[in-house]
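The residues making up each chain are set out below.
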Amino acid sequence: MKVRVFTADSMQNAIAQAKGVLGRDAIILHTRKFRKGGIFGFFSKEEVEVTAAIDTSLATIPHQKAVEPCVEDVAVQSELANMRNLLEKVISKIPQGSEHSPILDLLTNNDIDIHIAEQIIKDLPVDYMKFEAGSSELKQLILAQIQTCFQSVEGIKVPEKGRKVVAFFGPTGVGKTTTIAKLAAKFAIQEGYQIALITADTYRISAVEQLKTYSDIMGIPIHVVYAADELKEVLDTNQDKQLILIDTAGRSPHNNDQLDELKNLLQIDDAIEKYLVLSATTKYKDALDIVKNFSVCVPHKVIFTKIDETRNIGTVVNLLYQSPMSLSYMTNGQNVPDDIELVDPNKLTQLILRDL
Ligand SMILES: Nc1nc2c(ncn2[C@@H]2O[C@H](COP(=O)(O)OP(=O)(O)OP(=O)(O)O)[C@@H](O)[C@H]2O)c(=O)[nH]1
Ligand SMILES: [Mg+2]
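It should be emphasised that the depicted structure is a prediction, and the values quoted were computed from it without experimental measurement.

**Student:** Would you mind going over the overall build of the chain in detail, with residue names and values included?
**Tutor:** In terms of regular secondary structure, the chain is built from 12 helices and 11 strands. Buried positions account for 43% of the 356 residues belonging to the chain. About 18300 Å² of surface is accessible on the chain, with carbon and sulfur atoms providing 50% of the total.

Put into structure tokens, the structure is as follows:
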């Protein structure tokens, strides 16, 4: 048996290539879509990979006389025919297109997008079908597969020498300021670092007051900046701090002027580590727009907030499966400073699967 892998821009072209090279008797063993190139998962091109095989002993070889098979050939041919049957059975069980399977239903009922759910199932080990839908073994396999999308998790690392500057940005009301207050308490009060807060949110009347209230309670200095050059000045005058947290005004992902302004503010210093703050309650399609449009600000990591407000955090899986990102914290309530923790892939996936 000869097995070859073909890639093309569409399923049709990949299959045509396979049939062209291996002949019309080629069988398709596996198909997979993947994205190539791009930045932060975007602007990448979708490609299709087809794994095809041909039973060389059965393939039609043009201009060649048929030869009587010897006894050994017959045994090999029969073995190959068995393998072919088995493969076809396995392939027929892999969900294709809109075909529904119990696992697909389980995943989509948990707000996982149908295309992502299909991909998760395709990526499962082939022998997953030996387990009953709903069995703990199958749940473990799905859990492990979903966890492959949680690539790297790292919180704020304050260096031993020098300092760390972190800026937080994202759509309105997702919990940026509250998250900063939680982190300020963790680093200043619990871990004893010298920290300063900066707020560039001068759009909302009460925005400065909101962060100032926390900074007063914690005894942490706060600076208000109205423009990029002021931010630079404040960063220059706070060289003695070990950690500086910058709050920004919530922005609509569809307002390019606001996004440009934010981008200009944050690119004032290359050393600024940038965190995109996203609410886990966001609808998947909106979350895709947010990640795509805020990518002009080149976020290094993502924070998921309001994990406590939804029973379906499929959006998180959808986003990460579609476009891998580095994760940091997740927040699960309004309480400052308690309701924040480093993303725990296991815990997060358990949340997704709690209804499975
Ligand atoms: N349930 C829940 N509520 C949260 C969480 N984080 C923040 N909130 C609440 O969400 C609301 C908005 O929080 P903010 O911190 O003001 O959000 P923001 O992103 O700074 O908002 P803007 O500056 O207006 O864009 C507040 O009522 C917070 O208490 C969370 O993890 N869970
Ligand atoms: Mg705010």
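**Student:** How would you summarise the site of ligand 1 if you had to cite specific residues and measurements?
**Tutor:** Among the 19 residues in the neighbourhood of ligand 1, the closest are listed as Lys176, Thr177, Thr178, Asp308 and Thr331. Between ligand 1 and Thr178 there is a distance of 2.4 Å, counted from an oxygen atom to a side-chain nitrogen or oxygen. One of the side-chain N or O atoms of Arg204 is found 3.1 Å from an oxygen atom in ligand 1. Broken down by element, the residue count for the shell around ligand 1 peaks at 4 residues, all from helix α6 (residues 176-190). Residue classes in the shell around ligand 1 are distributed as 1 nonpolar, 11 polar and 7 charged.

**Student:** Describe the packing of helix α3 (residues 102-109) against helix α4 (residues 114-123), listing the residues and the values that go with them.
**Tutor:** α4 packs onto α3 with a crossing angle of 135° between their chain directions and a minimal axis gap of 9 Å. In terms of their interaxial angle, α3 and α4 are classed as oblique. For the crossing formed where α3 meets α4, the hand is right-handed. Here Ile103, Leu104, Leu107 and Thr108 of α3 lie close against α4, whose contacting residues are Ile114, Ala117, Glu118, Ile120 and Ile121. Considering only residue class, the contact of α3 with α4 consists of 7 nonpolar, 1 polar and 1 charged.

**Student:** Quick rundown of the sheet that holds strand β9 (residues 301-305)? Include the residues and the values.
**Tutor:** Pairing is mixed in the open sheet, where 8 strands are placed in the order β6-β5-β7-β4-β8-β9-β10-β11. The two strands at the open ends of the sheet, each matched to only one other strand, are β6 (222-224) and β11 (340-342). Recorded for the sheet is a direction-independent mean angle of 25° between the axes of neighbouring strands. Relative to strand β7 (residues 243-247), strand β4 (residues 164-169) runs parallel, the two sharing 5 bridges. Counterpart to Val166 in the pairing with β7 is Leu245. Strands β4, β5 (195-199), β6, β7 and β8 (272-279) of the sheet are contacted by helix α8 (residues 228-237), whose axis makes an angle of about 170° with β5.

**Student:** Which residues make up the environment of Ser326, and what values go with them?
**Tutor:** Turning to its location among the elements, Ser326 is positioned in the loop between α11 (314-322) and β10 (327-331). C-alpha separation for the pair Ser326 and Lys301, spaced 25 residues apart in sequence, amounts to 4.9 Å. Those residues within four positions of Ser326 in sequence are excluded, and the remaining contacts are Ser152, His300, Lys301 and Val302. Within the local environment of Ser326, its side chain forms a polar contact with the side chain of Ser152, the two groups lying 3.1 Å apart.

**Student:** Residues and numbers for the pattern of salt bridges, please.
**Tutor:** Scanning all chains against the criterion turns up 12 salt bridges. Here Asp25 ties to Arg24 by a salt bridge, and the two come within 3.8 Å at their closest N and O atoms. What makes Asp25 partly exposed here is its relative accessible area of 28%. For the salt bridge of Arg251 with Glu261, the shortest nitrogen-to-oxygen distance reads 3.9 Å. Remark: Glu261 occurs in helix α9 (residues 256-266) and Arg251 occurs in the loop between β7 and α9; sequence separation between them is 10 residues. On the basis of relative accessibility, which here comes to 5%, the residue Arg251 falls in the buried class. Where salt bridges share partners, they join Glu154, Lys164, Glu273 and Lys301 into one cluster.

**Student:** Explain the pairing of β4 to me, using residue names and the numbers behind them.
**Tutor:** The element β4 is extensively covered by neighbouring structure, given that 6 of its 6 residues are classed as buried. With 5 bridges joining them, β4 and β8 adopt parallel strand pairing. Within β8, the residue paired with Phe168 across the bridge is Tyr275.

**Student:** So what about unusual backbone geometry? Which residues, and what values?
**Tutor:** Each neighbour pair has its own omega, and for Val336 with Pro337 the value is 5°, a cis peptide bond. Looking at the secondary structure, you find Pro337 in the loop between β10 and β11. Of note, the phi angle at Asp111 is positive, near 70°, even though the residue is not glycine. Positionally, Asp111 belongs in the loop between α3 and α4. Owing to a relative accessible area of 42%, Asp111 belongs among the partly exposed residues under this scheme. Here Lys306, not a glycine, exhibits a phi torsion of approximately 60°, which is positive. Its place among the elements puts Lys306 in the loop between β9 and α11.

**Student:** Could you give an account of a nonpolar patch on the surface, with specific residues and numbers?
**Tutor:** On the surface, Met1, Val3 and Met83 cluster together into a nonpolar patch covering about 240 Å² of accessible area. By the element assignment, Val3 lies in strand β1 (residues 2-8).

**Student:** Got a sec to walk through the nonpolar core? Specific residues and values, please.
**Tutor:** Judged by nonpolar contacts, the single largest core of 56 residues is most densely connected at Leu107 and Ile146. Ile156, Phe168, Ile195 and Ile340 belong to the second largest nonpolar core, which has 24 residues in total.

What counts, and at which threshold
- Residues numbered from 1 in each chain as written.
- Chains lettered and ligands numbered in written order.
- Predicted model: local features only at pLDDT ≥ 70, side-chain atom pairs only at ≥ 80, totals over all residues.
- Heavy atoms only, no water.
- Helix = DSSP H or I, 4+ residues; strand = E, 2+ residues; numbered from the N terminus.
- Buried < 20%, exposed > 50% of the residue type's maximum accessible area, 1.4 Å probe, protein only.
- Areas by Shrake-Rupley, 256 points an atom, 1.4 Å probe, with all protein chains shown as cover.
- Near = heavy atom within 4 Å.
- Polar contact = N/O pair within 3.5 Å; in protein donor to acceptor, adjacent residues only side chain to side chain.
- Nonpolar A, V, L, I, M, F, W, Y, C, P; charged D, E, K, R; others polar.
- Axes fitted to C-alpha atoms, helices over the stretch in contact; angles between N-to-C directions.
- Parallel < 35°, antiparallel > 145°, perpendicular 65-115°, else oblique.
- Left-handed = near helix turned anticlockwise from the far one by under 90°.
- Contact = heavy atoms within 4.5 Å.
- Pairing = 2+ DSSP bridges.
- Salt bridge = Lys/Arg side-chain N within 4 Å of Asp/Glu carboxyl O.
- Patch = residues over 30% accessible without salt bridge, like charges linked within 9 Å, V, L, I, M, F, W, Y side chains within 5 Å.
- Core = buried A, V, L, I, M, F, W, Y, C linked by side-chain atoms within 4.5 Å.

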